[in-house]
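For reference, the chains in residue letters:
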Amino acid sequence: MGNKNSDVIKRAISFIKRGINYTKDILGTAKITVNEGKSRHNSQEEQYIKLAKLEEKYGKLEPGVSVIIGTYKGEGKIDRCLDSLIHQSLDHSLFEVIFIINGERDHTDQKIHTTFSKVNTLNYCILYSDHASLPAARNIGIKAARKKYLCFLDDDDFLSHNYLKDMLADCGDFTMVFSQIVDVNDKGELNPNNTINKQLIQTREVEATMMHKLSTGNTMSGCKMLPTILVKDHPFIEELKSGEDVVFFTQLLTNWDFIFRVVPPGKNVIYYRLLSNNSMSRRSLSYEFNVTERLAVLAHLDQQLFKVEQPYRINMIKSKMTAQSGFIKRFLLENEQDDRIAVYKEI
């Protein structure tokens with residue numbers, strides 16, 4: 001690793017320690033708060049007051065759902081995504097599709113126009129950004145969204161035909177709705193037996209204080225629908241190269257008390273997620289991804305941590321920090337012997 005990375009390693013060790021010996025002072029304060037019976041989570045009345053202020057700021061939104069798709073050189077991978085959208089069972093007047101083509105251009109926009117021209121009742125728009133950044137693209141889409149609810153869809157993922165209709169039916173002012181998620185490998189083989197689904201099939205509805213029951217999927221962009229106006233006030237952090245979903249949803253979950261609702265598995269409402277070699281869980285070890293980018297995410301989570309006092313929110317952020325620290329630990333464990341020994345001694 002060398003001396004040039006010594007400061008980064010020290011920060012990594014600091015975060016790992018926090019994940020293990022977690023902010024005793026804050027946890028102590030939280031325990032005192034609970035013991036005294038002074039619940040600090042947002043009351044429904046407080047949330048509606050905040051919501052009214054947001055409606056005054058952004059204006060009232062139309063019924064339905066905005067589908068936001070950031071795409072970078074998507075010409076060769078977006079077909080299944082487009083096909084799943086033109087076959088949605090939801091009335092076309094109740095949804096819009098917002099494409100944000102970011103970075104270097106190809107013929108993705110032509111493919112979108114060609115596919116959507118088959119169904120002239122679909123509402124869609126194509127926006128452009130020279131900046132190749134998924135979080136920046138999503139922020140452009142969020143700003144343009146006109147419907148009351150929204151969902152994110154990656155350009156290589158796709159939806160079951162009933163996805164928008166059945167997800168929208170379960171939406172509410174402070175509801176985060178989940179679908180099932182099925183992994184798709186490079187050969188097109190389907191795998192519903194992932195860790196996220198194992199939690200989802202056991203849950204129908206939980207309050208914010210029990211959000212740990214959906215911990216594996218509550219900070220990923222896929223397989224969920226949520227109120228647009230709440231999202232408009234909490235944009236993605238654009239400088240993050242990875243893990244932007246984790247920071248984005250952690251910020252939402254520390255500012256609003258959602259009701260988490262899962263569409264029953266029997267309805268077969270499915271978000272199909274392509275697992276490629278660039279997927280986070282399958283990336284090869286690198287200093288940039290495992291250490292530098294994880295530290296950037298941890299820094300933002302750390303900021304959120306010190307803004308909350310509620311035990312359920314502290315525990316949620318703790319779990320996310322621990323997961324991010326795991327990437328750093330893996331890098332340290334699998335590096336040179338001398339570097340491992342030096343790091344362990346410092347820990």
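Structure's up top.
In this text, all values refer to a predicted model and were calculated from it rather than measured experimentally.

Remarks on the overall build of the protein
So, point 1. Helices and strands together make up the secondary structure of the protein, namely 13 helices and 12 strands.
So, point 2. Relative to its full complement of 347 residues, the protein shows a buried share of 53%.
So, point 3. With an accessible surface of roughly 16,600 Å², the protein has 49% of that area assigned to carbon and sulfur atoms.

Things to note about the sheet that holds strand β11 (residues 259-262)
So, point 1. Judged by pairing direction, the sheet is mixed, and its eight strands sit side by side in the order β3-β2-β1-β4-β10-β6-β11-β9 without closing on themselves. The strands lining the two open edges of the sheet, one partner per strand, are β3 (123-129) and β9 (205-206).
So, point 2. In this sheet, β3 lies alongside strand β2 (residues 95-102) in parallel orientation, the contact comprising seven bridges. From the neighbouring strand, Ile101 faces β3, where its bridge partner is Tyr128.
So, point 3. Along the sheet face, helix α4 (residues 79-86) touches β1 (62-71) and β2 and points at about 165° away from the line of β2.

With respect to helix α11 (residues 287-305)
So, point 1. Along its 19 residues, α11 runs 25 Å from first to last C-alpha, staying within 8% of the 27 Å computed at 1.5 Å per residue.
So, point 2. At Arg294, α11 shows its maximal bend, which comes to roughly 30°.
So, point 3. Across the 19 residues of α11, 14 count as buried, placing the element largely inside the fold.

Concerning the packing of aromatic side chains
So, point 1. As enumerated under the stated definition, the model contains 14 aromatic pairs in all.
So, point 2. On the numbers, 6.0 Å between centres and 85° between planes, the contact of Phe152 with Phe248 is edge-to-face. A residue pair is termed long-range when its members are at least 10 positions apart, and Phe152 in strand β4 (residues 147-152) and Phe248 in helix α10 (residues 244-255) qualify at 96 residues.
So, point 3. Taking 6.3 Å as the distance between ring centres and 45° as the angle between the ring planes, the aromatic pair formed by Phe258 and Phe260 counts as tilted. The exposure classification of Phe258 matches that of Phe260, with both residues buried.
So, point 4. A network of ring pairs unites the aromatic residues Phe152, Phe236, Phe248 and Phe249 as a single cluster.

Comments concerning the sheet that holds strand β12 (residues 270-274)
So, point 1. Read from one edge of the open sheet, four strands run β5-β12-β7-β8, paired in mixed fashion. This sheet does not close on itself; its edge strands, each paired only once, are β5 (158-159) and β8 (190-191).
So, point 2. With two bridges connecting them, β5 and β12 associate as antiparallel partners. Its bridge partner being in β12, Phe158 is matched across the sheet by Tyr272.

Let's talk about the packing of α10 against α11
Helices that pack against each other are described as a pair by the angle of their axes relative to one another and the distance between those axes.
So, point 1. Between α10 and α11, the least distance of the axes is 10 Å, while the angle of their chain directions is 5°. The angle between α10 and α11 places the two elements in the roughly parallel class. Contacts between α10 and α11 pair Val246, Val247, Thr250, Gln251, Thr254 and Asn255 from the former with Val297, His300, Leu301 and Gln304 from the latter.

Regarding the pattern of salt bridges
So, point 1. Enumeration over the complete set of coordinates arrives at 17 salt bridges.
So, point 2. Here Lys57 and Asp233 are joined by a salt bridge, their closest N and O atoms 3.0 Å apart. Here Lys57, found in helix α3 (residues 44-58), pairs with Asp233, found in the loop between α9 (228-232) and α10; they are 176 residues apart in sequence, far enough to count as distant.
So, point 3. Under the relative-accessibility criterion, Lys57 is labelled exposed at 56%.
So, point 4. For Asp233, a relative accessible area of 29% gives the class partly exposed.

Observations regarding the side chain of His92
So, point 1. For His92, the position within the fold is in the loop between α4 and β2.
So, point 2. Aside from chain neighbours lying at most four places away, what touches His92 is Ile86, Val119, Thr121, Leu122 and Asn123.

Remarks on the state of the cysteines
So, point 1. By the definition in use, this model includes zero disulfides.
So, point 2. Considering cysteine sulfurs only, Cys151 is the nearest to Cys81, which forms no disulfide, with 10.0 Å between them.
So, point 3. On the basis of relative accessible area, Cys81 is assigned to the buried category, the value being 0%.
So, point 4. The cysteine Cys151 is free of any disulfide, with Cys171 supplying the nearest cysteine sulfur at 9.0 Å.

Parameters and conventions
- Residues numbered from 1 in each chain as written.
- Predicted model: local features only at pLDDT ≥ 70, side-chain atom pairs only at ≥ 80, totals over all residues.
- Heavy atoms only, no water.
- Helix = DSSP H or I, 4+ residues; strand = E, 2+ residues; numbered from the N terminus.
- Buried < 20%, exposed > 50% of the residue type's maximum accessible area, 1.4 Å probe, protein only.
- Areas by Shrake-Rupley, 256 points an atom, 1.4 Å probe, with all protein chains shown as cover.
- Pairing = 2+ DSSP bridges.
- Contact = heavy atoms within 4.5 Å.
- Axes fitted to C-alpha atoms, helices over the stretch in contact; angles between N-to-C directions.
- Expected span 1.5 Å × (residues − 1).
- Bend = angle between axes of the 7 residues up to and from the residue.
- Phe/Tyr/Trp six-rings, centres within 6.5 Å; stacked < 30°, edge-to-face > 60°.
- Parallel < 35°, antiparallel > 145°, perpendicular 65-115°, else oblique.
- Salt bridge = Lys/Arg side-chain N within 4 Å of Asp/Glu carboxyl O.
- Disulfide = S-S within 2.5 Å.

Geometric descriptors of this kind do not, in isolation, establish any biological role.
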